[in-house]
Amino acid sequence: MRLLVRDVRQVQRLVVLEAVGRLGSFAAAAAELGMSQPAVSKQMKALENSLRTALFDRDANRSRMTRDGALLHQTVTEAFDILEARLSRLRGRADQLRVAVQPSVAESWFVPRLGDVRAAVAPTDVHLTIFDSEHELAGIDHDVSVRFGDGPAPGSCAEPLVTESVVPVASPELADNLGLTPHSPADALLTAPLLHVDHTGRSWQDWGSWFAGNGLTYSAPAGTVVYPTYGSAVPLAISGNGVLLSWRTLMGDHLRRGLLREVGPVVTRPSRGYFVQWSPALTRDAGFQRFRTWLRTTVSSQEEEDLRR
């Protein structure tokens, strides 16, 4: 096993490089850092020697960064910006776990159980942040996310929560009017009013892939209304405006309360589903472990109820 040993001197040299590049001269960097100009020059020469790369073009009057020097300075600046942002968030921060979830997950798993999750994770405070599509997640300050996919993003840890199992649902009144039941064949829905959700930036099943999973071909008619989020389509389904594709686990509460009814076969994709994802740095964090245990238990209980239904 190879041990990684940090060279503190190299970190110090990078601090000096950042100041030289930002301020534009050895003299200005020396003044800001409380060093002599020869000491700054010596640090930069040592950095070049360690990298075996020229970082500055030197002449009698001044030194200018080479292309490699400018690229390294940009990388160092970006790294320092990340560190500064993290330090800023840590200053005076309480013991808090920031959890990023999609609206449907928040509505189905978290909002009805906020008291339970806060009690289970205490004394760590749980703060929910909503993201709608995958591209939004990168810009959200969070510790943990519950996201749809087929595994962790690079550099993250993840474990599966729910396999992708999708079923069409409708209000009891609409289901009765259309003669649909949980045992209705998929082709019975080809002429039903279907609710469509925008899948831009989202990779879960749509009606085309659900019908394909049942051996049928489907394309949305021209002029079909597409709703911006899953959450905006759920009330329409409950009020009888159409049939919606639903995650069985996410819609479990609506199904138990009789607001919606399954009206066709389930299509399952074992390789895809919802995952809890976190930074490796959190793996041994006590608050995160309490949250992780609560989430696994809650989702497992929900799945068991779905199987009994």
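Every value quoted in this text rests on a predicted model; they were computed, and no experiment measured them.

## Observations concerning helix H2 (residues 26-33)
Right, so step 1: Among the residues making up H2, those that are buried are Phe26, Ala29 and Ala30. Viewed along the axis of H2, the buried residues span an arc of 100 degrees, placing them on a single side of the element.
Right, so step 2: Packing partners of the buried residues in H2 comprise helix H1 (8-23), helix H3 (37-51), strand E1 (56-58) and strand E2 (63-65).
Right, so step 3: Following H2 by one or two positions, Gly34 has its phi on the positive side, about 70 degrees.

## Quick notes on the nonpolar core
Right, so step 1: Residues Trp109, Phe110, Val144, Val146, Tyr274, Phe291 and Leu295 are the most contacted members of the largest nonpolar core, which totals 27 residues.
Right, so step 2: Elements represented by at least two residues in this core include exactly strand E3 (96-101), helix H5 (103-110), helix H6 (114-121), strand E5 (144-149), strand E6 (157-170), strand E11 (267-278) and helix H12 (286-308).
Right, so step 3: Broken down by element, this core gets its largest block of residues, five residues, from H12.
Right, so step 4: Ranked by size, the runner-up nonpolar core spans 17 residues in total, among them Ala170, Leu194, Trp207 and Val267.

## What about the pairing of E5?
Right, so step 1: Among the six residues that make up E5, six are buried, leaving the element largely enclosed by the rest of the structure.
Right, so step 2: Here E5 shows a buried face lined by Val144, Val146 and Phe148 and a second buried face lined by Ser145, Arg147 and Gly149.
Right, so step 3: Relative to E5, E3 runs parallel, the two being bridged by three bridges. Its bridge partner being in E5, Val101 is matched across the sheet by Val146.

## Some thoughts on the environment of Ala54
Right, so step 1: Residue placement: Ala54 occurs in the loop between H3 and E1.
Right, so step 2: The spacing of Ala54 and Ala281 is 227 residues in sequence and 35 Å in space, taken between C-alpha atoms.
Right, so step 3: Setting aside residues up to four positions removed in sequence, Ala54 forms contacts with Glu48, Thr66 and Asp68.

## Digging into the pairing of E3
One face of the sheet, then the other: side chains in a regular strand alternate in exactly this way.
Right, so step 1: Taken across its six residues, E3 has five buried, putting it largely inside the fold.
Right, so step 2: Judged from the six bridges that link them, E3 and strand E4 (residues 125-130) form a sheet pairing that is parallel. For Leu97, the partnering residue across the bridge sits in E4 and is Val126.

## A short note on H3
Right, so step 1: If you check H3, its first and last C-alpha atoms are 21 Å apart, about what 15 residues at 1.5 Å a residue would give, namely 21 Å.
Right, so step 2: When H3 is considered as a whole, its buried residues turn out to be Val40, Met44, Leu47 and Glu48. Summarising the axial view, the buried residues of H3 lie within an arc of 100 degrees, below the 170-degree limit, and thus occupy one face. With respect to the buried face of H3, the exposed residues turned more than 90 degrees away are Pro38, Lys42 and Asn49.
Right, so step 3: Downstream of H3 by a residue or two, Arg52 has a phi angle that is positive, lying close to 55 degrees.

## Observations concerning the packing of H2 against H3
Right, so step 1: Two elements in contact, H2 and H3, have axes whose closest approach is 8 Å; the angle formed by their N-to-C orientations is 105 degrees. As the angle between them shows, H2 and H3 are arranged roughly perpendicular. Along the contact surface, H2 presents Phe26, Ala27 and Ala30, while H3 presents Gln37, Val40, Ser41 and Met44.
Right, so step 2: Grouping the constituent residues of the contact of H2 with H3 by class yields five nonpolar, two polar and no charged.

## A closer look at unusual backbone geometry
Right, so step 1: Of note, the amide linkage connecting Ala122 to Pro123 takes the cis form, showing an omega dihedral of 10 degrees.
Right, so step 2: Here Pro123 lies in the loop between H6 and E4.

The rules we used
- Residues numbered from 1 in each chain as written.
- Predicted model: local features only at pLDDT ≥ 70, side-chain atom pairs only at ≥ 80, totals over all residues.
- Heavy atoms only, no water.
- Buried < 20%, exposed > 50% of the residue type's maximum accessible area, 1.4 Å probe, protein only.
- Helix = DSSP H or I, 4+ residues; strand = E, 2+ residues; numbered from the N terminus.
- Arc of directions from axis to C-beta.
- Contact = heavy atoms within 4.5 Å.
- Core = buried A, V, L, I, M, F, W, Y, C linked by side-chain atoms within 4.5 Å.
- Pairing = 2+ DSSP bridges.
- Expected span 1.5 Å × (residues − 1).
- Axes fitted to C-alpha atoms, helices over the stretch in contact; angles between N-to-C directions.
- Parallel < 35°, antiparallel > 145°, perpendicular 65-115°, else oblique.
- Nonpolar A, V, L, I, M, F, W, Y, C, P; charged D, E, K, R; others polar.

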